Each structure stands twice: as structure tokens, then as C-alpha cells.
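Per-entry structural report
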Amino acid sequence: TFLTFQDWLRSLRFTGGDGKSEMDNLKTLLPSLPTSFSLSSLSLSPSSIIGLGALASLTTYWLVTRPRPTQPPCDLQAQSIPVQGDQSCRRSALLTDDNLLEFYYEDTKTVYDMFQRGLQIAGNGPCLGFRNPGEPYQWISYTEVAERAQVLGSGLLAKGCKPNPQQFVGIFAQNRPEWVIAELACYTFSMALVPLYDTLGLEAMVHILNLAEISMVICDKEDKAESLLKHKEKGVTPALSCLVLFNPFSAALLERGRKCGVEILQLSQIMVRNIPPKPQDLAVVCFTSGTTAHLNPLVLYCIVHSFSLLQVSMFCHGARVGFYQGDISLLMDDIKTLKPTFFPVVPRLLNRIYDKIVGSVTSPLRRALLHYAVRRKQAELSSGVVRNNSVWDRLIFNKIQASLGGNLRFILTASAPISPTVLSFLRATLGCLIFEGYGQTECTAGCTFSMPGDWSAGHVGAPLPCAMVKLTDIPDMNYYAKNGEGEICIRGHSVFRGYLKDEERTGETLDADGWLHTGDVGQWLPNGTLRIVDRKKHIFKLSQGEYIAPEKIENVYTRCVPVLQVFVHGDSLQSYLIGVVVPDPEVFVDWAKERGIVGSYEELCQNPDVKKAVLEDMTAVGKEAGLKSFEQVKDLYLHPDMFSVSNGLLTPTLKSRRVDLRRVFSEQIARMYRKSSV
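These lines cover the structure that appears in this document, whether it is placed above or below. These figures come from a predicted structure and were not determined experimentally. (Residues numbered from 1 in each chain as written. Predicted model: local features only at pLDDT ≥ 70, side-chain atom pairs only at ≥ 80, totals over all residues. Heavy atoms only, no water.)

A look at the state of the cysteines
Disulfide: a covalent bond formed between the sulfur atoms of two cysteine residues. Within this structure, the stated rule accounts for zero disulfides. As a non-bridged cysteine, Cys489 has Cys89 as the owner of its nearest cysteine sulfur, 9.4 Å distant. (Disulfide = S-S within 2.5 Å.)

The structure is reproduced here in C-alpha cells:
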């Protein structure tokens, strides 16, 4: 589907927006003259004639060079169309009927096909870029990438891997060129890829390796190989038999692997026939979330409607893709050096750019000038004009644009919602197209996308041509489809096949009619775009894209001595968690007294030193339980009254009513986030 978006970009052409020619527009500037008018009837001095000529020249120049609005590919007031008259179920206005887009190119139906198309276009042109500290980017050509993938895939077969979609190959590495080459090696021989991540945790990693029966894992560094060997030595991952490393490794690691029956190879050792996949073949098994209780082993088709396979969509058109050095602190330097034209990004990074711009302006005069310039650019945006060559760009925004390389043409933000304030501000200051998308891994990531020409904020666009989106009732939360609100459900060619070896969870997520139930709550806006308003499920993302399972964290924190009840809250526009804690009245006073703080239960709840001590205790217990840094609350509010069924904060089965808790403590939540941002 991203290819459809690229087709939209080709249609972005500038017009006056009113269908008139430049000469027609010029005529509108001239006063109405009688039909008998002639130049000979005027008596003008030479200087007046010269002045009029200069004015006419300037007027003509302005008309020819004035900024024009982007031509949208559809009516922006009707960006989606009801399906069979059902206002709750809608499809893209870019389609001519209710038949969804399946393939953009008939000869390009798999990820393998997409890269092969890019290879035909680019040949020896640059494909994958990398850099060493302080050096320019180095590039590997399409031809070389294809050759390396072929050789690596042959090596995997030589080590016992089977050339079919039931062969799962693990990859445990940071994003780098070798990651893509390993991915393409699997696709070349119809094998399925299983990405592994540090943030999954020990228990989850073991679960994945065993569920997928993974025998071969490709790693980047020795420390990752060591963590996998620990599982093998404990006897909890019996299928693991071979590790392939990108980086050099020690003789000690080799010996350690030999002792537990794991062969360890350098990448060059395995790089020593071609069975390309079919469209219905399995391509990737993605495990999302951070606990085995909520692991989602997603089975994705080998098809091209992928929002998450955005990189491969770039390959399909022969584009080059640059990787960062692996150090997040050097990311901005990498961006400045790479000078990208297209920049897919999570909202958290855009928030950092926004904070840095606003924080760097200290004097009242400069701040006033910045805000005035932003308002002038936003006024152009409201009329559909996006540019980086205005007087405000030259005077104020050019340094900001240069910090991102100076060549940006458009940015894609996804993974979590972005604040409308930040989005509008950056559209003005960066002077490039910024689009927002929405979806899930279960629908190959993308199902809605903001429309070219619509530069409003506060929504995630209209359905993509590959998907239908409908809203269904959620009576418990008072959301009803008849009111244009409800759970977001998705159906189309991009929806996943199901969860690996888990028919029960698949049945809970995919209904009998093929609708994917996302757990997100949406609202249709009058112009046919979708707004995300709530969550039905108790799993959410922070602004940097990390999944949070709050109930797991709450169960850990209740182990703290002073904590009786806790409500963990996260906002997808924020990068950290906060909490509401009800201290245990039976032990709280004595617990505080042991720390030299005396007072009644109610007084202690209002004491900042007590709050600090409780937060430190919770952090220590969380760390001991293995919580990641992003899973720890960074601030909390001590509440003196218990959550109960009678006050509407617990269900009859004593589960937290999260919607009601969020509503009751909305003021405290807002205050904590506001205080932390100052």
C-alpha cells in the first residue's frame, strides 16, 4: 500500500487551486475598463508609464512564482466512503469501488519480488549505507546485496536449514546492513524470519525460541551470543544448535558453544540455488509486547502491503537506505551526514526536535519572532501550501532544516500518536510534508494514512486502499458505532494470518468474517478521517513505541511493603509512566516512622519526602523483578482512599476500572506530566 502512497506523491503538482490560468488571475488584478478604452486616451508622463510597467512586471513575477497549494488526490472533505451505505464501515476514497487493492504491480507480490524489482532499476547503484565515527557514509550496491543474500542463504541450507516457510531463522541484532542481507537471504530461499530483541526479557526469549523451534540464530555481537548460550546451558532451549555472528568473537565463546552443543560461526564462514517464495508463503514471525503472558507471535504473509516493510518498499524503487552507527546519542549527527529525503520516525524523536527548538530560544524577542514566523507558515499550511523557501525559512528555519540534512522532502510518523501542537509546529519549521499513519503489526502495520494536501492535525487519516475500517460497539465504555465511535476493526489483504500455534488467541482477535479487532477506540470525523480516542485493551505504547502491560507492572509494585493498591498510567504522547498509589494503612505510618518521618496517614500521603521514599522503594522492587527502565513509574500521587466497588474504581471481581481511574485522577495525572515537563 505504501506504493500507492508513492503514486500519490507523483500526483503532487502545484496549481493556483481555482482552475484559472495565470493570465486569468492577472486579469482579475486589473480594474474594469470601458470597451472604448484605448491607451491613446490616456495622458501619462514617461515616469508614470515606467512606474506602471514596473508594477505590472512585479505583479506578473509574483503570480508566476507565488506558492501554490498541494493538489490532493481526492476531495479532502470526503476522504473515505461508506461501504454499502454503512457509515461505521469505510474504505478509501481513492478506490473506484469496494474491491480493495491487493497488489500494486502484478509482477511484484512478495518481499523477494520487491527487492528484485529494485535490483533491475538500480543495478550497481547504492542500496545499503553505513558509516564509522567521523566518516562519510559508505554504500553497498544492489548487485552486491543480492549476491551476499544468495550466498548467505546457500550457507544456511548447508547448515541444515530447509528451504520452506516452516523453517524459522532467528536474528538477534541491531539494525545494520547485515540485518537486511540476512533477511533477504531467508526470503530468497522461502525461509521465515523471527526477529529477537533485548527488551523481550529472559522468559520471553526462551518462549520464542521454543515455540518457533529455532535452531539457527544470527547475531551481531558476542554479548548477545552469550545470552543465548546461557539458555542452552540451562537446558531450556534444546533446539538451538548454531549461532552466526556478524562481529569477530573470542576463542572462549567458541569453546563455550562446543561444550553445550552449539556451533558458532563467523558470518564469512557461512557465506560459501534459489527457491523464491510464493505470495501465500510465511515471511515473518514477529513477537510483540514484553511478557510471555502477552506475547503475540504474528504470522505475516509474504505480501507487499506493509507499513512495517517500508524499507523494502524503498528497495522496490531502487532507493538507498542508510543506517545509524548503532549509538543513539550520535543519531542526529548520522541524520545530518546522511542528508535523507525521506525520514520515517517515531513521535518521540519529533518531540525531542520540538523541545530542542523551543528550548533553544531564550530571549523574549527571539521567542516572539519564532512564534510569529511559525504562525505565518501555519497560515500557508491551512491553505495547502508546504514549502521551505519562504522568507521565514531563509531567516529563521534554515538552521533547523540543515540539522536534519537540508534535503528532507517528507517525513512519516507512526508507532504512537503525535501531539497536534508538535505536528503543526514541525510542518511549519521543517518545511516538508509530514504524514501520520495508524495500524498494528497484525495488519502488516498500516491501515490508515493522512492524505496529501490535508495538513490538519488531530487525526490519523483515511483508510488505505488495501483495508476497510469499521467501528463496533463497546457498551461497557459507552461507545456506539451509530454515534461514529467504537472499537477499530480492520479487514483486507494486509491483515495477518494469525498467531503462531495459538488458535485460541487467533480466534479472539480475528472474527469469523475476517475482521481484526484492534483494541483501539476510534471516532469517524465528518471528513472521513479517523481519530484515535481511547484503548479497549490494557496494553498501550509510550511515545517512543515501547509496549506497556500495566497490570504486570502493578502486580510487581504491590510487592512493596507500603503499597496496598496501585494504578499505572501511560500516555502515548508521553515517554514515561506515572502512578497513583494507595498506601497500606496498616503498615504505612510505622513504615514512614522507621525512616524518620512522623505524621498521620493523611498527612503522610501529602508529604513529598514520603512520596520520594515510596517511589524509591517501588523502583528498587521493580528493578529486582526485572522491569525495564521504561516500565518503571517516574512520578506518583499518594491517595488516601482505597479503590473499591462502591466508589466505582473496581469491578465486582476486584479488577481495576482503568477508564474510571483515569477519569477520577485526571487532574493529578495532568499535574504530574506538567510538572515533569517544566
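Text resumes after the structure shown.
Considering the environment of Val460
By the element assignment, Val460 lies in the loop between strand E16 (448-449) and strand E17 (462-463). Looking at Val460, the relative accessible area reads 7%, which means it is buried. Val460 sits 23 residues away from Gly437 along the chain, and the two C-alpha atoms are 5.5 Å apart. (Helix = DSSP H or I, 4+ residues; strand = E, 2+ residues; numbered from the N terminus. Buried < 20%, exposed > 50% of the residue type's maximum accessible area, 1.4 Å probe, protein only.)

Quick notes on the sheet that holds strand E15 (residues 433-438)
Within the open sheet, the five strands sit side by side as E13-E14-E15-E16-E17. Their pairing is mixed. Lying at the two open borders of the sheet, with one neighbouring strand each, are strand E13 (342-345) and E17. As paired strands, E15 and E16 are joined by two bridges and run antiparallel to one another. Looking at the pairing, Gly437 lines up with Phe449 of E16. Across the face of the sheet, helix H13 (residues 347-360) comes into contact with E13 and strand E14 (410-413) while running at roughly 105° to E13. (Pairing = 2+ DSSP bridges. Contact = heavy atoms within 4.5 Å. Axes fitted to C-alpha atoms, helices over the stretch in contact; angles between N-to-C directions.)

Looking at the sheet that holds strand E18 (residues 467-472)
Taken in spatial order, the six strands make up an open sheet running E1-E2-E18-E19-E21-E22, and their pairing is antiparallel. The open sheet has two free edges, formed respectively by strand E1 (80-83) and strand E22 (530-535), since each of these has just one partner strand. Averaged over all adjacent pairs, the angle separating strand axes in this sheet is 45°, with direction ignored. Of the pairings in the sheet, the one linking E18 to strand E19 (residues 485-492) comprises six bridges and is antiparallel in character. Its bridge partner being in E19, Thr472 is matched across the sheet by Glu487.

Focus: helix H4 (residues 111-122)
The terminal C-alpha atoms of H4, which comprises 12 residues, lie 17 Å apart, in line with the 16 Å expected from a rise of 1.5 Å per residue. Three or more residues of H4 are buried, namely Val111, Tyr112, Met114, Phe115, Gly118 and Leu119. For H4, the angular spread of buried residues about the axis comes to 160°, placing them on one side. In the core, the buried residues of H4 are packed alongside strand E3 (126-130), helix H5 (142-158), helix H6 (177-188) and helix H11 (310-316). Backbone geometry just after H4 places Gly123 at a positive phi near 60°. (Expected span 1.5 Å × (residues − 1). Arc of directions from axis to C-beta.)

A closer look at unusual backbone geometry
Here Gln84, not a glycine, exhibits a phi torsion of approximately 50°, which is positive. The backbone of Lys501 shows a phi angle near 55°, a positive value even though the residue is not glycine. Mapped onto the fold, Lys501 is located in the loop between strand E20 (498-499) and helix H17 (503-509).

Looking at the pattern of salt bridges
If you walk through the whole model with that rule in mind, you get 20 salt bridges. Put simply, Lys159 and Glu263 hold a salt bridge, and the shortest N to O gap is 3.0 Å. A residue pair is termed long-range when its members are at least 10 positions apart, and Lys159 in the loop between H5 and strand E5 (168-172) and Glu263 in strand E9 (residues 263-266) qualify at 104 residues. Of the residues examined, Lys159 reaches a relative accessible area of 39% and is grouped as partly exposed. A relative accessible area of 35% places Glu263 in the partly exposed class. Residues Arg671 and Glu667 are paired through a salt bridge, measuring 3.1 Å at the closest nitrogen-oxygen approach. Of the two residues, Arg671 and Glu667 both sit in helix H23 (residues 666-677), four residues apart, roughly one turn of that helix. (Salt bridge = Lys/Arg side-chain N within 4 Å of Asp/Glu carboxyl O.)

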